[in-house]
Amino acid sequence: MVAASDVYARIGDVVIRRARESDLPQVIQVNRKCLPENYPEWFFEDHLRNWGKAFYVAEAPRGKIVGYVMTRVEYGVGFVARGFVKRGHIISLAVLPEYRRRGIATKLMEAAMDSLKREYGAQEVYLEVRVSNTPAIKLYEKLGFRKIHVIPRYYFDGEDAYLMARLL
Ligand SMILES: CC(=O)SCCNC(=O)CCNC(=O)[C@H](O)C(C)(C)COP(=O)(O)OP(=O)(O)OC[C@H]1O[C@@H](n2cnc3c(N)ncnc32)[C@H](O)[C@@H]1OP(=O)(O)O
Ligand SMILES: [Zn+2]
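Residues numbered from 1 in each chain as written. Chains lettered and ligands numbered in written order. Predicted model: local features only at pLDDT ≥ 70, side-chain atom pairs only at ≥ 80, totals over all residues.

Looking at an unreviewed UniProt entry, the protein chain carries the name N-alpha-acetyltransferase, with the source organism given as Pyrolobus fumarii. Of the comments in the UniProt record for the protein chain, the one headed Subunit (unreviewed entry) reads "Homodimer." (UniProt positions renumbered as here; feature names shortened; annotations may be inferred.)

## A few points about the overall build of the protein chain
A count of helices and strands for the protein chain gives four helices and eight strands. Ordered by position in the sequence, the α and β elements of the protein chain form the string β-β-α-α-β-β-β-α-β-α-β-β. Its C-alpha radius of gyration of 15 Å places the protein chain within 12% of the 15 Å reference for a compact globule of 168 residues. C-alpha atoms of the protein chain, sized along the principal axes, occupy 45 × 35 × 30 Å. (Helix = DSSP H or I, 4+ residues; strand = E, 2+ residues; numbered from the N terminus. Rg over C-alpha atoms; globule rule 2.2 N^0.38 Å.)

## A closer look at helix α2 (residues 41-51)
Residues of α2 that are buried: Phe44, His47 and Trp51. The buried side chains of α2 occupy one side of the element, clustering within an arc of 75° when seen end-on. Residues of α2 that are exposed and point over 90 degrees away from its buried face: Glu41, Trp42, Glu45, Arg49 and Asn50. Tucked into the core, α2 has its buried residues touching α1 (24-34), β4 (64-77) and β5 (84-95). (Buried ≥ 20, exposed ≤ 12 C-beta atoms within 10 Å, placed from the backbone. Arc of directions from axis to C-beta. Contact = placed C-beta atoms within 7 Å.)

## Notes on the site of ligand 1
The local shell around ligand 1 holds 23 residues, among which Arg100, Ala105, Thr106, Pro135 and Leu139 are the closest. Counting residues per element, the ones that place at least two in the shell around ligand 1 are β5, α3 (104-118), β6 (124-130) and α4 (134-142). Sorting elements by how many residues they give to the shell around ligand 1 places α4 first, with six residues. (Near = placed C-beta within 6 Å.)

## Let's talk about the sheet that holds strand β3 (residues 56-60)
Whether parallel or antiparallel, the strands of a sheet pair through hydrogen bonds between backbone atoms. In space, the eight strands of this open sheet follow the order β1-β2-β3-β4-β5-β6-β8-β7, with mixed pairing throughout. In the strand order of this sheet, the two ends are held by β1 (7-11) and β7 (146-151), each with one partner. Sheet twist, expressed as the mean angle between neighbouring strand axes with direction ignored, is 25°. Strand direction decides the pairing type here: β6 and strand β8 (residues 161-167), joined by seven bridges, are antiparallel. Bridge assignment links Glu128 to a residue of β8, and that residue is Leu163. On the sheet, α2 packs against β4 and β5 and is oriented at approximately 65° with respect to β4. (Pairing = 2+ DSSP bridges. Axes fitted to C-alpha atoms, helices over the stretch in contact; angles between N-to-C directions.)

If you want it as structure tokens, here you go:
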């Protein structure tokens, strides 16, 4: 059962809602299936504990987690906002291959950005993405993110990242 207040949106039979501790084993599986950037269990737990209002999952029927977005809040000089600001940081986003191109990642991102702004008072949001990851870059550009700069050799295999950001 999903508490109505935690539900952000529905896309067909997929519900976008806030993550819970019991979701984390499935979230970790989605992360491992979809991305080479994997993290220990405590890393997910930590983000849920500290910034859980902006940690969302996509749940298909029978409790199957098919996507997630994990975020955190930081203080620093704005990439697009002026001066020293609260920044939302999109740490990881993924949707299982069979569930892509239905708008699930878009809704996960919108949910996270709403909460980063409303619950945590973030003034902007940023992320890093592989320069070769065209699907994700297109998604972020559609959501209003712009490429700010390249971070050389950001990933363990030597690939560069774009840092992308937008105001909230
Ligand atoms: C900060 C980070 O985590 S960066 C890493 C992001 N995660 C990954 O790369 C993991 C592997 N990829 C995925 O999990 C998915 O492909 C995601 C998360 C990038 C996109 O998830 P989806 O749910 O398919 O995205 P969604 O359906 O909302 O797509 C929105 C728009 O993004 C763009 N887009 C998404 N996938 C593609 C694609 N394969 N090719 C081109 N454009 C794409 C399109 O403009 C799309 O709109 P449209 O379908 O109307 O054309
Ligand atoms: Zn990052």
